[in-house]
Amino acid sequence: MADLALSIDTADLPADVREKLAELELELSEGDITQKGYEKKRARLLNPHAQKLQQVGAATTGAPASTGGAGGGGSRPAPPRARRAQRRVTHNEKRYHSEVRQEAVQQALAAMQTRPKPSMPMPSKRTSVMAKSPDRECRDSASSSDEDSTGGGVGIDSSAGAIGITPLPRSTPRPPPPPPVTSSGSRHHHQHQNQSQDISQLVDVMSNLTPFSSGPDVTHTAVNNRRNNAADRVQRFAYQPSDGNNTGTGRWKVSAKIQQLLNTLKRPKRRPLPEFYEDDDIELEIAANYKDPNAPKPEGNVMSATFGEQLVVPSGLPRNLEAAIQRYGSASFKASVATVLDPNGKTNTLTYGKLLSRSQKISYALLNKAFSKNNEVVLKPGDRIALIYPNNDPINFLCAWYGCLQAGIVPVPIEVPLTRRDAGSQQIGFLLGSCGVQIALTSEACLKGLPKSPTGDVITFKGWPRLHWMVTEHLPRSPKDWLPPPRLSDDTPAYIEYTTDKDGSVMGVTVTRASMLAHCRALTMACSYTEGENMVCVLDFKREVGLWHSILTSVLNGMHVIFIPYALMKVNPASWMQMITKFRASVAIVKSRDLHWGLLATKDHKEISLSSVRLLLVADGANPWSLSSCDQFLSVFQVKGLRVDAVCPCACGSEAMTVSVRRPGRAGGSTGRGVLSMAGLSHGVVRVDQENSLTSLTLQDCGQVMPGSAIIVVKMDGPSYICKTDEVGEICVSGVGGNGYWGLPGLTSSVFGVYPLDADAKAVGEQCYTRSGLLGFLGPGGLVFICGSRDGLMTVTGRKHNMDDIIATVLAVEPMKFIYRGRIAVFSIRVLRDERICVIAEQRPDCSEEESFQWMSRVLQAVDSIHQVGIYCLALVQHNHLPKTPLGGIHLSECKRRFLEGTLHPANVLLCPHTCVTNLPQPREVHSDVGPASVIVGNLVQGNRLASAQGRDMGLTDDSDAARKYQFISEILRWRAMSTPDHNLFTLLNSKGGVAKMLSCSELHKKAERIGNLLLEKGRINTGGHVALIFPPGLDLICAFYGCLYVGAVPVTIRPPHLQNLQTTLPTVRMIVDVSKSVLVMSNQNIIKLLKSKEASNAVDIKSWPMILDTDDVPKKKLAMLYRAPTAEMLAYLDFSVSTTGMLAGIKMSHAAVTSLCRSMKLACELYPSRHIALCLDPYCGLGFALWCLSSIYSGHHSILIPPSEVEVNAALWLSTVSQYRVRDTFCSYGVMELCTKGLGSTVNHLRSRGVNLGCVRTCVAIAEERPRINLTSSFSKLFSALGLSPRAVSTSFGCRVNIAICLQGASSPEPSTVYVDLRALRNDRVSLVERGSPHSLCLMESGKLLPGVKVIIANPETKGQCGDSHLGEIWVQSSHNASGYFTIYGEESDYVDHFNAKLVTGSTGEVYARTGYLGFLRRTEGTLHTGNEENMSLAGRDNDSDTVEMSGFQGGSDSMEMQDAVFVVGALDETIVMRGMRYHPIDIENSVMRCHKKIAECAVFTWSNLLVVVAELDGIDSEALNLVPLITNAVLEEHQLVVGVVVVVDPGVVPINSRGEKQRMHLRDGFLSDQIDAIYIAYNM
């Protein structure tokens, strides 16, 4: 039945059904309903007729097409459907149309064809993000012609020929864009060809800014979008096979697209980047406001004020509006004051007599009614009140307005709120609140339609004060003896009119009774109004021109106004002309939009006569693009009696009211128009251009100065200096206008209290002026020319552009069938000290990706060619997604707000920062002839200390007996097993917090011996043989490690593969086994089963593994003899780790280094057998391994082991354990800290009620090989301070491949210090300390205290000279627990040969250091020790371990240290991004990206081919992905002065993270370039 309904020929339907269908189609085209809703309602209408009408028509189900022949002049009149279809236009669709502009755009685009044709990559888009695009080929080929073609499409009668319209028949396929045309007639052709034709033509056209040549690029939704845990996210991309099609990108690889983008960006910019280095914002500001030396400058004389004619009040005019009501309400009580048409064309009329009686009823009710039970809310003269009436109810509004006026109440008319969160509604609420409004007047119908709460009351709208609602109909009569209160003085407010500024702030313009009356008199004189005239008003009667003429001046003159509501105009655009004909109206108040709508309604022209019209007032005549509307309307309707001198544009604004108006009948003199150079206007000067110039703007005058007023033009910016005669400035008016902004005295003085200044900054005269917000100049004869508005002004690189001009150019780009003409927003945003132009348009639901980008690229070309300015962002949103005003216009400030907040949800977006941003900073020149010795001398001259620091003395020399006694960690274990066999060393916990297993000294020793036997008997291991230990975090790993040491084998600890991610984690395990040259693999039964499983065989050949030994099956046999290495310098174990740069590096740790490390940590952390230490980290490499497997054996303390995987199951496990065991020192990874912060945020109170108390914690150290994550540590401290955690307890450590523990916060260490450094200086390898909160400041926390026996210096990584304190350099370390060297590096080994034997080229050139590969600096900080009883007795009250290593050399540890050296790690040298000569650290860019939108869960940055790539994880639905692209680009540009080349939006969990919680950026890069990332959206910025 539904299919049948869709195929009915609507011409055979009853008239009422056809009418409803036409209205439904109008709603669809206007965006009032969705496509789905349209189809549903249409089927509901047609189903009753489906049985009767079986014939199949060619009706479409999408955007409806008009019907008729090419000329539209057939003998049979078009059915109502066709008539309605041609009226489907949006609120300002034709406002900006100009054939000259269309011709200019087409010529400009055609001229580009001769240039080279680089191509631009289209974005990659997952199917879930694609706009829902039904097959356009099955639709009517002319489906949107009537909206897109100039002056209407098909179905237009022969009169259309007068304005050069070339309609096309429906059956004719659209030809391609024509060659350049020279006639004034415009071309309106639309492409309807296959993809290949579209693409080839696109390449032909695109040659300057943004050409395209790629086909559709669609990726598909991932099957599994779960958040991967840490183990799952390592090396996820390294081993995936690439077949070229795994992302659905067809022939386009990501790397090929980046190369395509690079080729496009190689074109020279319009202006080269200035060469300078900036230390502050002044230089950036200068670059943004570039002064073109060749720019035209004003050459005329300084202008003088122009005065209007003397105001002469016509005799017989009432003395004020109250008197007018009384006079006409009594003497002419049957005369009509207002007539309103409903959408069906029926009229409702109000007479002057009714107006008088009803307004008196309202006046009486306002002053005598109690609006609350306690009589708290009562009104008195001077109070403010809201008038809330819909656009179709001027009669009730008129009565309420004059009721307020007679009562002395100040009306504040506002729009009807439709929903709780209307666009701009909150700002209206602020105005009502500031005006003290408590009562709202409305009609009964309007009140019923307002949204209600469950109790039936009107809801409180967002930001609004609480209002009492009063219906102004059906009020009782006022007593006969009641008289309105005495009229208030002329300087009291008469009404408050709301106005909105560029940023959406709503202000109330206060108009006094004197100003209101003076303005009405001036309009009466200028427009020659007389009593009894008929006026047709199409405008909003609540503000500006509609209010001044149809509500105020008309009543003062006793006129009759016929109101045409907006809803009627949408259905019948010719209704206002029909009313002129019917009522013989002499005045019509319209906008240029209404003129065009009237032009479209060609079928209704026959009966129209405009011979009675003496004044056709064009309210938006100040818009330069209203000229073509006036000209076309006049050319068509002159034959209908319209006089040339009746068309009267005016210029106005809420603040200055009517600025100027062209006099009807030309009583005030001649009219004028000028063809001006847009280039000259952009520099603020008036220059005449040739009429056929592509870059000219034709302006019409807006008439002369108002009677009794004066006009002067002052400079737009800064003090109000008077402009020269050929200079564009802001027009200021004196004599008539508003009196100020309600409640805003500062803003009032700057707008309403302007005194023009001469060149010497002296005020010219004593006359005060009001800024109108209009930009223009005065022509000959005092004619006012307007070329823009202050709110529409965009200043880009020192040149001024007007929003209306940009819109006109955008709308002139053909073909237009991809977007809706009237739904375009143009605004500027401020990024990097300059304004950037953004264009947002609504695309049609049947528009494909290629068509969208084809149109977008043509727009970029056209704007660049005609305006010589680049568009920063061009976005297309889904049908009906732009926020609208109550009257259907685009709500510009709300659109801008949503764009900047990331809630606009574009369907396509294209950013062009490479093209637009020309004020990027350049680095300071590096002098190559300055050597390291010169740097040292320079530091000394400046008083800078050379950067060097040392931890305290270890206390024992290598020659002492104690040191020799404990050179081997295995011997210490055996000694502990003999001396304290039952002492518990380890406790392993499960996810519920229960003890899974415990291990004493003797148990560990015995288990290690058995494993040693296993290695000797089954494994036949030789001394020095490498054994891979693949165990989950636990006690088996520790036992296996010491079993290896007991027989002289070298253990290699390896993280086991992840069960859910074998394909990517198992090859990594296999690679480490191979690279470490392991001859045996040791594991438990579960892991061995996994290694030999069928799933594992898909990733690694099972037979290729070395011999695998099962530690669950060990012989119970005592080891005959423990192996002792001949020297402590021999290899103890290998430590393999994947760095953040993706490098797999294995380091050699000697026995001496192991015991030295353990001793150093024991001294720093005061570790003794009575201590409980909680460990929640991965035990496979670095300091995590040392704490898990080594430290307890050496120091004898009790280690409580909590595998991080258990914390993923139970987030409270770690902290509950710390509280339960009263742990004083605990160590964790950043991943665990993040799990607790995110997972326990809402359960802190619950934990406290369970008795969890962290007051016992003395040190909580995050183990890391990176810059301290200060945001995470501070969030963690702040969150758990409620559980007693001291903020000073939380700190970080620092280690790296060459030395796994350089810094560690000790038990008695001072509180970690933080500094704020200048981020800009850091980019140039300088350290400049700034105050907290300073611009560009970066907070850094020290990475713990230097461990005993560790010495660090800061060296220049290139010259190897020692740096001063004020320089950023590489951290070099010297320590007895440095690694012996790399066992192997899986990567570029030649780059790392000097890592372990680096020497300075200056100073102490003989000392050998290890290079950490990390950049940092040293600072002397004040070291205040922890206070409190527990810390003060750290030495006196400790439990000594008399049998273990002596504590000699530690005596000075408790001395208060006034100053000490702090190490600040900034980032890995290999990961730094060097762009334009400056060094950036990825984490800083990533932090900026994370801050820019709340839906970004994680991000990573890297570079490829000198392009910055940002990968952001979206924690939201796919359709939100495109919100992030402009925000990320803006944030990085603003905070780092870097242009983002590619933005990749992915699902949560895609950014790979290693076991330490560090991002694997290089793995991510490799996966991205090999097309192995299933991205939601990839944007290639131009």
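As shown above, the structure is provided for reference.
Below, the structure is looked at part by part. (Residues numbered from 1 in each chain as written. Predicted model: local features only at pLDDT ≥ 70, side-chain atom pairs only at ≥ 80, totals over all residues. Heavy atoms only, no water.)

## Observations concerning the sheet that holds strand β41 (residues 1172-1176)
Okay, step 1: One open sheet accounts for 7 strands, arranged β34-β33-β42-β41-β43-β44-β45; its pairing is mixed. Each of the sheet's edge strands pairs with one partner strand only, and the pair in question is β34 (995-1000) and β45 (1290-1292). Mean inter-strand twist for the sheet, computed between neighbouring axes without regard to direction, equals 20 degrees.
Okay, step 2: Bridging between strand β44 (residues 1259-1263) and β45 involves 3 bridges; their strand directions are parallel. In the sheet register, C1260 faces β45, and the bridge partner there is V1290.
Okay, step 3: Running over the sheet, helix α39 (residues 1230-1239) touches β41, β43 (1225-1229), β44 and β45 and is turned about 95 degrees from β43. (Pairing = 2+ DSSP bridges. Helix = DSSP H or I, 4+ residues; strand = E, 2+ residues; numbered from the N terminus. Axes fitted to C-alpha atoms, helices over the stretch in contact; angles between N-to-C directions. Contact = heavy atoms within 4.5 Å.)

## Description of the packing of helix α12 (residues 394-407) against helix α16 (residues 544-556)
Okay, step 1: For the pair α12 and α16, interaxial distance at closest approach is 12 Å and the crossing angle is 60 degrees. In this view, α12 runs oblique relative to α16, as classed from their interaxial angle. Viewed along their axes, α12 and α16 form a crossing whose handedness is right-handed. Contact with α12, carried on its side by F397, L398, W401 and Y402, involves L547, I551, L552 and V555 of α16 and no other residues of that element. (Parallel < 35°, antiparallel > 145°, perpendicular 65-115°, else oblique. Left-handed = near helix turned anticlockwise from the far one by under 90°.)

## Notes on unusual backbone geometry
Okay, step 1: A positive phi angle is found at H474, which is not glycine, with a value near 60 degrees.
Okay, step 2: Phi at Q1537 is positive, roughly 55 degrees, even though this residue is not glycine.
Okay, step 3: Here Q1537 lies in the loop between α45 (1521-1536) and β59 (1540-1546).
Okay, step 4: According to the relative accessible area criterion, Q1537 is buried, its value standing at 1%. (Buried < 20%, exposed > 50% of the residue type's maximum accessible area, 1.4 Å probe, protein only.)

## Examining the nonpolar core
Okay, step 1: Core analysis: the biggest nonpolar cluster contains 127 residues, and I840, W855, Y872 and F1568 have the highest contact counts within it.
Okay, step 2: Element by element, the count of residues in this core is highest for α45, at 9 residues.
Okay, step 3: Every residue in contact with I840, bar those within four places of it in the chain, is listed here: R823, I824, A825, F827, A875, V877, L882, C895, F899 and L904. (Core = buried A, V, L, I, M, F, W, Y, C linked by side-chain atoms within 4.5 Å.)

## Describing the pairing of strand β12 (residues 534-537)
Okay, step 1: Where burial is concerned, the two faces of β12 agree: the one with N534 and V536 and the one with M535 and C537 are both buried.
Okay, step 2: Sheet topology note: the β12/strand β13 (residues 560-563) ladder contains 4 bridges and is parallel. Bridged to N534 within β13 is H560.
Okay, step 3: Each parallel crossover has a hand, and the one from β12 via α16 to β13 is right-handed.
Okay, step 4: Sheet topology places β12 next to strand β14 (residues 587-590); 3 bridges connect them, and they run parallel. Directly across from C537, in β14, lies its bridge partner I589. (Right-handed = clockwise from strand over helix to strand, strands pointing away.)

## A look at the packing of aromatic side chains
Okay, step 1: Within this structure, the stated rule accounts for 26 aromatic pairs.
Okay, step 2: Centroid distance F827 to F899: 5.7 Å. Interplanar angle 65 degrees. Geometry classified as edge-to-face. You can see F827 sitting in strand β28 (residues 819-831) and its partner F899 sitting in helix α25 (residues 892-901), a full 72 residues away along the chain. Assigned by exposure class, F827 and F899 land together as buried. (Phe/Tyr/Trp six-rings, centres within 6.5 Å; stacked < 30°, edge-to-face > 60°.)

## A word on the sheet that holds β12
Okay, step 1: With mixed pairing, 9 strands are arranged side by side in an open sheet as β5-β4-β13-β12-β14-β15-β16-β17-β20. Two strands close off the open sheet at either side, each with one partner strand: β5 (347-351) and β20 (704-705).
Okay, step 2: Direction of pairing for strand β4 (residues 336-341) relative to β13: parallel, over a ladder of 3 bridges. Bridge pairing in β13 places T339 opposite I562.

## A short note on helix α38 (residues 1213-1220)
Okay, step 1: With respect to burial, α38 is a largely interior element, 7 of its 8 residues being buried.
Okay, step 2: Listing the buried residues of α38 in full gives L1213, W1214, L1215, S1216, T1217, V1218 and S1219.
Okay, step 3: Directly after α38, the chain includes R1222, whose backbone phi takes a positive value near 55 degrees.

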